Amino acid sequence: MGNMKDIDGSTLDDLRRGVSPLLTSNSGIRIDTALIFDAVLVFARALESLDKGQDIDIAPLQCKGERSWGHGVSMKNYMKMIEMDGLSGRIRFDKNGRRRNFTANVIELGLSGLETIGSWSLTPGVTIVKNYSQTIEDVKATIQGKTLKVTSILEPPYMMLRDGPEVKDATGNDRFEGYCVDLLEKIAEKVGFNYSIHIVEDGKYGEPNSEGVWNGMIQELIEHEADLAVAPLTITYLREESVDFTKPYMNLGISILYNVPEKKDPELFSFLQPLDLDVWMYMILAYIGVSFILFVLARFSPYEWYNPHPCNQDSDLVENQFSILNSLWFTVGSLMQQGSEIMPKAMSTRMVSGIWWFFTLIMISSYTANLAAFLTVERMVTPIENADDLSKQTEIQYGCQDSGSTKLFFKNSKIPTYERMWAYMSANPTVFVNTSKQGQGRVKGGKYAYLMESTMVEYAVQRDCKLQQVGGLLDSKGYGIGTPKDSPIRDLISSAILRLQEESVLLMIKDHWWKQKSIEICSDKEEQQVANELDLSTLGGVFVLLVGGLLLAIVVGVIEFVWKARQFSQKEQHPLCMEMAHQFRFALTCKQVQGKRTSLRKRPSIEKFLDSNGRMPQGALLLAQIPYRPRGSVHVPSVHGYNRADGL
């Protein structure tokens, strides 16, 4: 017991520094060694205090026996009361015999050896005194010159195998090219590390199975087979639970890739397309209605009835120019902007004519403006316009890449449209493809729409004029670089990505691979739809309408000819064929046939009414004063004091 008294504070300091003669090595004190030493020291101090207070009896005991040492409880109480400094720090116990108010230093292996970066105590827990900037600098200094293993996947234009005779014997990183290769090179320059690229063996991005086991690049990060995953890897919540991601280097969303529909041949009557069928029907009804109203108002208005022979003020006949046929002719002449020899005189009929002219002005102008677009621009009809159209039909198949974020998006989505799409895809597993190239091939084959990231859709559309992007973005997400969980280099790479973004380096890299480095770049859809020259297939309907109108006019003319010839044949008691022959000869020669009367109406000669003395009888004078009336006008006897027919 006397040896315990000789261990004072200086001895403990020597033990902490590892230079005490009690230690067999000068290499330092391990934690377990310090704790064992403090435990023996506490037991010795308690035993010494117990010896001062009472006589200690020593009795042999068995570990498996029920008999205990009589001074055990007193020994335990003395140990609880001890408060001293040991190798592991301040030693103090609570009422339950647990150590309290002690602190442990947190150390790490730095570039200069073991360094204290914080402490741990019972109440506050871990306290790190090393700041974030120091940690970043240490990590950056640690990876300087080191080679990181990078996993990726072949996906144009992000990661591709170089081709050409100059790279036939290329090895290592020289075998690859693409957006991710340039991005990785810029990040390595900023951070200061080397890298070695390899392609993931199973060709998958990463998706968990039913047991939660990942595949693809995510699995390589989890198993620490790779330090980085540089690829078009979408940042998702499910992946974030297993690996870490940097800041996104590209923002995008899911879009629809579909083939460009073939140009639709113009219809024969394409000149009717600028206006809807309902508009054409309403225009015909308006034409008939305005003509009828004009006819009725002209009949009721006294200002539309006039004396056809103004030199004879005592004439008992008045005339109205707006018959049914003339009203229809006046209205259609205004509609075709050709005018007519008939002009309204009454205020009411002029109002009808004015409002009809305004109506035709608007309709003809609208039709002409829209007709130019319909006839000069090639129109292509796309069967789908957005995801909702795609989900409501079954004629066109649609799918996405298997083992990718797009599939997970539809699988976990709660939006009704996307739920219907996932139900269709899950019920038809053949719609899934292994690679984007395979999906694009199915799209060009027809009757298939491929769901993929918008950036890949943009790349495919600019290089294949047979493909197009349909609708907008279905979601919003980003591509990031994957790292193992709690990787110290994640923040360094995120900082490098932000710097590259601010310096517009990321934009220049994308522009290089999307637009500049291309064999064939399709021009924008708006530039493709330029005005084309009009051919017969476009304006054929107009010629058909012209020929049809001419044939109809000829038929009507023949009917008029036969009808009038029939009237004359009945009046003159001549055969119809003979009368038609005489009428035909007169139409050709404009001369009266010998011995036959012309069928044209002719004003009687005044000499016919003179008597033998050269005088005209009173009745004959009245007959000679009757003016010649052209067909189409309406003339009726006038009522005394009112120049129009009674009741009309």
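Look up a bit, the structure's there.
Residues numbered from 1 in each chain as written. Predicted model: local features only at pLDDT ≥ 70, side-chain atom pairs only at ≥ 80, totals over all residues. Heavy atoms only, no water.

Draft legend 1. Here's a closer look at the overall build of the protein chain. Along its length, the protein chain carries 22 helices and 21 strands. The proportion of buried residues among the 648 residues of the protein chain is 35%. Counting every atom, the protein chain has about 39700 Å² of accessible surface; 57% of that belongs to carbon and sulfur. (Helix = DSSP H or I, 4+ residues; strand = E, 2+ residues; numbered from the N terminus. Buried < 20%, exposed > 50% of the residue type's maximum accessible area, 1.4 Å probe, protein only. Areas by Shrake-Rupley, 256 points an atom, 1.4 Å probe, with all protein chains shown as cover.)

Draft legend 2. Structural view of helix α18 (residues 505-516). Turning to α18, its buried residues number three or more, namely V505, L506, I509, W513 and W514. Taken around the axis of α18, the buried residues stretch over an arc of 150°, which confines them to a single face. The outward face of α18, more than 90 degrees from its buried face, is lined by the exposed residues L507, M508 and Q516. Elements in contact with the buried residues of α18: β7 (160-161), β8 (176-177), α6 (179-191), β12 (250-252), α16 (454-463) and α17 (490-502). (Arc of directions from axis to C-beta. Contact = heavy atoms within 4.5 Å.)

Draft legend 3. Fine view of the packing of aromatic side chains. Applying the stated criterion to the full structure yields 16 aromatic pairs. With centroids separated by 6.2 Å and ring planes inclined at 50°, the aromatic side chains of F330 and W357 adopt a geometry described as tilted. Placement of the pair is F330 in helix α10 (residues 324-335) and W357 in helix α11 (residues 347-376), with a sequence separation of 27 residues. Residue F330 is classed as buried on the basis of its relative accessible area, which comes to 3%. Overall, the relative accessible area of 37% leaves W357 in the partly exposed class. Look at W422 and F432: their rings are 6.2 Å apart centre to centre, the planes differ by 55°, and that puts the pair in the tilted class. In this pair, W422 is assigned in helix α14 (residues 416-427) and F432 in the loop between α14 and α15 (436-445), connecting sequence segments 10 residues apart. Accessibility assignment for this pair places W422 and F432 in one class, buried. Among the aromatic residues, those joined into a ring-pair cluster are Y158, Y179, Y249, Y459, Y479 and W514. The aromatic ring of F432 is capped on one face by K407, whose charged end is 4.9 Å from the ring centroid. A cation over an aromatic ring shows up here: R442 above the ring of Y448, its NZ or CZ 4.2 Å from the ring centre. (Phe/Tyr/Trp six-rings, centres within 6.5 Å; stacked < 30°, edge-to-face > 60°. Lys NZ or Arg CZ within 6 Å of the ring centre and 35° of its normal.)

Draft legend 4. Spotlight on a nonpolar patch on the surface. A cluster of nonpolar side chains, W120, L122, V126 and I128, forms an exposed patch at the surface whose accessible area comes to about 380 Å². Along the chain, the position of V126 falls in strand β5 (residues 125-128). Among the residues examined, V126 registers a relative accessible area of 54% and is labelled exposed. (Patch = residues over 30% accessible without salt bridge, like charges linked within 9 Å, V, L, I, M, F, W, Y side chains within 5 Å. Salt bridge = Lys/Arg side-chain N within 4 Å of Asp/Glu carboxyl O.)

Draft legend 5. The arrangement of α14 in detail. The first and last C-alpha atoms of α14 sit 16 Å apart over 12 residues, in line with the 16 Å expected at 1.5 Å per residue. Among the residues of α14, T417, Y418, M421, W422, Y424 and M425 are the ones counted as buried. Projected down its long axis, α14 shows its buried positions confined to an angular sector of 160°, all on one face. When the buried face of α14 is taken as reference, the exposed residues oriented beyond 90 degrees from it are P416 and A427. Next to the buried residues of α14 lie α12 (387-391), β16 (397-400), α13 (405-412) and β17 (448-453). (Expected span 1.5 Å × (residues − 1).)

Draft legend 6. The arrangement of the pairing of strand β6 (residues 147-152) in detail. Sheet topology note: the β6/strand β9 (residues 194-199) ladder contains 6 bridges and is parallel. Across the sheet, residue K149 finds its bridge partner in β9, namely S196. Across 2 bridges, the pairing between β6 and strand β10 (residues 228-229) is parallel. Bridge assignment links T151 to a residue of β10, and that residue is A229. (Pairing = 2+ DSSP bridges.)

Draft legend 7. Spotlight on a negative patch on the surface. The grouping of E201, D202, E223 and E225 at the surface amounts to a negative patch. The topology assignment puts E225 in the loop between α7 (216-222) and β10. (Lys, Arg positive; Asp, Glu negative; His and termini not counted. Charge placed at Lys NZ, Arg CZ, Asp CG, Glu CD.)

Draft legend 8. Fine view of the sheet that holds strand β18 (residues 467-470). Overall, mixed pairing links the 4 strands, which are arranged β16-β17-β13-β18 in an open sheet. Pairing within the sheet leaves two strands with one partner each, and these edge strands are β16 and β18. Ignoring strand direction, the axes of neighbouring strands in this sheet form an average angle of 30°. The sheet contact formed by strand β13 (residues 254-259) and β18 spans 4 bridges and is antiparallel. When the bridges of β18 are listed, N259 appears paired with L467. Docked against the sheet, α14 engages β16 and β17, running at close to 90° with respect to β16. (Axes fitted to C-alpha atoms, helices over the stretch in contact; angles between N-to-C directions.)

Draft legend 9. Structural detail: the nonpolar core. Core analysis: the largest hydrophobic core is formed by 85 residues, its most contacted members being Y179 and M425. Excluding anything up to four places from it in sequence, Y179 contacts P157, Y158, Y249, M250, L506, I509, K510, W513 and W514. (Core = buried A, V, L, I, M, F, W, Y, C linked by side-chain atoms within 4.5 Å.)

Draft legend 10. Structural context of the packing of α6 against α17. Where α6 meets α17, the axes come as close as 9 Å, and the angle between the chain directions of the two elements is 110°. Classified by the interaxial angle, the pair formed by α6 and α17 is roughly perpendicular. Note on packing geometry: the crossing formed by α6 with α17 is right-handed. Between α6 and α17, the contacting residues are L183, K186, I187, K190 and V191 on the first element and L492, I493, A496, I497, R499 and L500 on the second. When the residues that make up the contact of α6 with α17 are grouped by side-chain class, the tally is 8 nonpolar, no polar and 3 charged. (Parallel < 35°, antiparallel > 145°, perpendicular 65-115°, else oblique. Left-handed = near helix turned anticlockwise from the far one by under 90°. Nonpolar A, V, L, I, M, F, W, Y, C, P; charged D, E, K, R; others polar.)

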